[in-house]
Amino acid sequence: MERRSFGRTDMLVSILGFGGAEIGRSDQKTVDQLLHSALDAGLNMIDTAECYGNSEELIGNALAGRRDDYYLFTKCGHASGLEGADWDPVVLAQSIDRSLQRLNVDHVDVIHLHSCSEQILRQGDVIEVLERAKRDGKTRYIGYSGDSSDALYALQTGVFDSFETSLNIADQEAIDLTLPVAIEQGLGIIAKRPVANVAWKNESMGKEEYAYPYWVRLQELQYPFLSDVQKDVETALRFALSVPGVATAIVGTANPDRWAQNAGLLANGPLNEGAYQQIRNRWNEVAGPDWVGKV
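Within each chain, residue numbers correspond to sequence positions counted from 1 in written order. Local features are withheld for residues below a pLDDT of 70 in this predicted model, meaning they are given only at 70 or higher, and side-chain atom pairs are given and counted only at 80 or more; totals for whole chains, interfaces and linings count all residues. Side-chain numbers come from the whole structure's heavy atoms, not from hydrogens or water.

## What to know about the sheet that holds strand S9 (residues 188-192)
Piece 1. With respect to topology, eight strands assemble into a closed barrel ordered S3-S4-S5-S6-S7-S8-S9-S10, the strand pairing being parallel. Each strand axis lies, on average, 30 degrees off the axis of its neighbour in the sheet, ignoring direction.
Piece 2. When strand S5 (residues 71-76) meets strand S6 (residues 108-114), the two strands line up parallel, connected through four bridges. Across the sheet, Lys 75 pairs through a bridge with His 112, a residue of S6.
Piece 3. Across the face of the sheet, helix H5 (residues 125-135) comes into contact with S5, S6 and strand S7 (139-145) while running at roughly 155 degrees to S7. What makes two strands pair is DSSP finding at least two bridges between them. Starting at the N terminus, helices and strands are each numbered in turn, a helix being any DSSP run of H or I of at least four residues and a strand any DSSP run of E of at least two. The angle between two axes is taken between their N-to-C directions and runs from 0 to 180 degrees, where each axis is a line fitted to C-alpha atoms and a helix contributes only its stretch in contact. In what follows, a contact means two residues having at least one pair of non-hydrogen atoms within 4.5 Å.

The following block contains the structure:
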């Protein structure tokens with residue numbers, strides 16, 4: 001699998017990364033099979049978070065003894081069972097230590113602030129916690145995961161090494177708003193939700209559904225290529241990886257067979273310039289001012 005430089009860091013990451021959200025309620029046997037087969041096939045980047053159920057523990061158990069085979073990213077900010085409030089500096093530090101224990105490691109490669117608001121960022125405490133974790137060797141790099149104006153402010157602080165943001169055919173705000181700043185600073189860039197939760201496969205969707213905003217947007221965008229789910233997923237994934245600056249796109253699954261399928265979709269490489277621009281042009285024609293990055 002193709003690997004790309006992760007910004008100014010020393011990492012070369014696989015263009016397809018693993019997102020740990022969906023395995024949070026899986027069983028250990030399934031996760032073992034999924035992650036080992038993915039690593040054997042060329043994946044070398046795993047992204048999880050403190051609030052993804054049992055994701056951190058499952059990853060830590062599954063990959064004990066293979067720490068040198070992959071880069072490990074996690075996120076922090078939510079108390080998620082710890083006593084105290086989200087974004088409290090004491091809780092944040094405890095959360096980082098808990099993540100290391102759950103993951104069965106003494107350090108991770110990146111810790112991201114998990115969709116932290118500009119208001120919280122301006123107080124400075126949470127950034128100080130991450131910088132201290134970096135100095136103490138608990139993480140090699142620090143990053144920000146989020147979208148829109150909150151993400152723009154985070155990047156403008158100039159303290160981060162990594163940036164994770166929503167980016168797909170139904171979510172392109174970042175291409176103009178934040179990615180140019182991240183590229184200028186030499187940050188490693190991760191596209192999250194690169195296949196827009198495959199929202200277009202549903203004939204209808206309730207407002208309470210997580211992917212509902214994407215479903216609504218896609219009804220208006222009416223991309224002509226959205227006709228065959230398998231081919232559509234390929235186009236969507238290749239689009240995200242064609243955006244300048246993107247090093248890797250994280251896709252979550254609890255299906256051990258899905259990794260090989262997703263990896264196979266990238267055999268043709270990035271979209272050609274014409275196909276990429278058609279998607280960008282359609283977005284620019286249709287997107288409303290409220291079509292902001294989905295947190």
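This is not the end of the story, as more comes after the structure.
## Some points on the packing of helix H1 (residues 28-40) against helix H2 (residues 55-62)
Piece 1. Taken N-terminus to C-terminus, the directions of H1 and H2 make an angle of 65 degrees; their axes are 9 Å apart at the nearest point. Here the hand of the crossing between H1 and H2 comes out right-handed. Contacts between H1 and H2 involve Gln 28, Val 31, Asp 32, Leu 35 and His 36 from the former and Glu 57, Leu 58, Ile 59, Asn 61 and Ala 62 from the latter.
Piece 2. Under the convention adopted here, Pro, Cys and the residues Ala, Val, Leu, Ile, Met, Phe, Trp and Tyr are nonpolar, Asp, Glu, Lys and Arg are charged, and Gly plus all remaining residues are polar. Partitioned by chemical class, the residues of the contact of H1 with H2 number five nonpolar, three polar and two charged. The crossing is said to be left-handed when, going from far helix to near helix, the turn is anticlockwise and less than a right angle, and right-handed when the turn is clockwise.

## Here's the deal with the packing of helix H3 (residues 89-103) against H5
Piece 1. Interaxial distance between H3 and H5 falls to 9 Å at its minimum, and their mutual angle equals 30 degrees. Looking at the two axes, H3 sits roughly parallel to H5. In this structure, H3 meets H5 at a crossing whose hand is right-handed. Contact residues: H3 offers Pro 89, Leu 92, Ala 93 and Ile 96, while H5 offers Asp 125, Val 126, Val 129, Leu 130, Arg 132 and Ala 133.
Piece 2. Of the residues assigned to the contact of H3 with H5, the class counts are eight nonpolar, no polar and two charged. Oblique is the label for any angle not covered by the other classes, which are roughly parallel (under 35 degrees), roughly antiparallel (over 145) and roughly perpendicular (65 to 115).

## With respect to the environment of Tyr 52
Piece 1. You can see Tyr 52 is positioned in the loop between strand S4 (45-47) and H2.
Piece 2. Excluding its chain neighbours within four sequence positions, the residues that come into contact with Tyr 52 are Gly 20, Ala 21, Gly 24, Lys 75 and His 114.

## A word on the side chain of Arg 238
Piece 1. Here Arg 238 lies in helix H10 (residues 229-240).
Piece 2. From its side chain, Arg 238 meets the backbone oxygen of Gly 269 in a polar contact 2.5 Å long.
Piece 3. Once residues within four sequence positions are removed from consideration, Arg 238 is found in contact with Leu 265, Leu 266, Asn 268, Gly 269, Pro 270 and Leu 271. Pairs of N or O atoms within 3.5 Å make up the polar contacts considered here, provided that, within protein, one atom can donate a hydrogen while the other can accept it, and that residues adjacent in sequence are counted only when both atoms are side-chain atoms.

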